[in-house]
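Each chain, written out:
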Amino acid sequence: MRKALFLSVALACFAVSLQSQQLRGDYIESRSTDVYVAQCFANGEVGLTGNYALMAWHVEQGEWNGVKLDGLTVAAAVRARATLGDPYGDPYPAQAVLMVDNAANAAQRQALVALAQHEGGRLLENVVRVDYVPVLLDVPADLHEGGAVLRAGHLATIVTRPLNHHDHICGNETNYYPPLNNVDHAMSAVALTDEFQGEGLDSHWTSHGRRSAYIGRFSEGTAAMAAPADSQAMHPVGE
């Protein structure tokens, strides 16, 4: 009887905890190397490029740590020690700058930082700076359309378009590097613009026309499992 009561209370507490972490939304990333690329091209760039990344999460609906985050967005710029996704390189410790939606109140800002660090894992362990700026992430309802926009004040920008036949340079391209985060669904895309001009990383970058982006969906607190990026073979991310 006592065991059954204890189990019932424990399950109820777990259900409340899970409910407090339920959310869903949109995701984008772009890196300083092609992610949709043939292995021969990737091997030629590994160790030379790919150690910078921009990521962002827009909460469509839900809460984190008991704080509602509907409509808010958080972005991160990362400088790693090695090509992100190279199974033979060690990108850690990485440095990160967070760009938090300035429409959020104090509690929401803390929750957005916690959410980003949860989603980004080891890449966002070492946050060297947090900026509060207007952050907009617009991802199409149909990911196959490919056109998405991230703007974090004057600090960071990603603009994407869908892949087309002109992006198949040798015909052996795959999603060689998978997304940096667990996502429910992701689609590789061309980054027409990938730019970071903020402070904190001792680095700024701007690139155009690289097959370096993913757009997708993410969720927490549900039974949904992360799905691989659309229709292409995957290459495991190195830890």
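To be clear, the structure that these remarks concern was listed above.
A quick note: this is a predicted structure, and the numbers were derived from the prediction, not measured. (Residues numbered from 1 in each chain as written. Predicted model: local features only at pLDDT ≥ 70, side-chain atom pairs only at ≥ 80, totals over all residues. Heavy atoms only, no water.)

S.K.: Any details on helix α3 (residues 106-120)? Residues and values, ideally.
M.R.: Across its 15 residues, α3 extends 21 Å between first and last C-alpha, which sits within 8% of the 21 Å expected from 1.5 Å per residue. Residues Gln108, Ala111, Leu112, Val113, Leu115, Ala116, Glu119 and Gly120 constitute the buried set of α3. Turning to α3, the residues buried within the fold contact β1 (23-31), β3 (52-64), β4 (67-68), β5 (73-79), β6 (95-101) and β14 (210-220). Among the residues of α3, the N-terminal cap falls to Asn105, whose side-chain oxygen and the backbone nitrogen of Ala107 are separated by 3.1 Å. One or two residues past the end of α3 sits Gly121, with phi positive at roughly 60 degrees. (Helix = DSSP H or I, 4+ residues; strand = E, 2+ residues; numbered from the N terminus. Expected span 1.5 Å × (residues − 1). Buried < 20%, exposed > 50% of the residue type's maximum accessible area, 1.4 Å probe, protein only. Contact = heavy atoms within 4.5 Å. Polar contact = N/O pair within 3.5 Å; in protein donor to acceptor, adjacent residues only side chain to side chain.)

S.K.: Please give an account of unusual backbone geometry that cites residues and values.
M.R.: When glycine is set aside, most residues are seen to have a negative phi, and most peptide bonds are trans. Cis rather than trans, the peptide bond between Tyr92 and Pro93 has omega equal to 0 degrees. Here Pro93 lies in the loop between β5 and β6. The phi dihedral of Asn65 is positive, around 55 degrees, even though this residue is not glycine. You can see Asn65 is positioned in the loop between β3 and β4. For Asn65, a relative accessible area of 48% puts it in the partly exposed group. Phi angles above zero are rare outside glycine, and Asp202 is one such case at about 55 degrees. Relative to the assigned elements, Asp202 resides in the loop between β12 (185-196) and β13 (205-207).

S.K.: Let's hear about the packing of aromatic side chains: which residues, and what values?
M.R.: If you walk through the whole model with that rule in mind, you get four aromatic pairs. For the ring pair Tyr27 and Trp57, a centre distance of 5.8 Å and an interplane angle of 45 degrees mean the geometry is tilted. Taken together, the positions of Tyr27 in strand β1 and Trp57 in strand β3 put the pair 30 residues apart, joining distant regions of the chain. Their ring planes at 35 degrees and their centres at 5.1 Å tell us that Phe196 and Trp205 sit as a pair that is tilted. By relative accessible area, which is 0% here, Phe196 ends up buried. Members of the aromatic cluster, each reached through a chain of ring pairs, are Tyr52, Phe196 and Trp205. The ring of Tyr92 has Arg122 lying over it, and the distance from NZ or CZ to the ring centre is 4.0 Å. (Phe/Tyr/Trp six-rings, centres within 6.5 Å; stacked < 30°, edge-to-face > 60°. Lys NZ or Arg CZ within 6 Å of the ring centre and 35° of its normal.)

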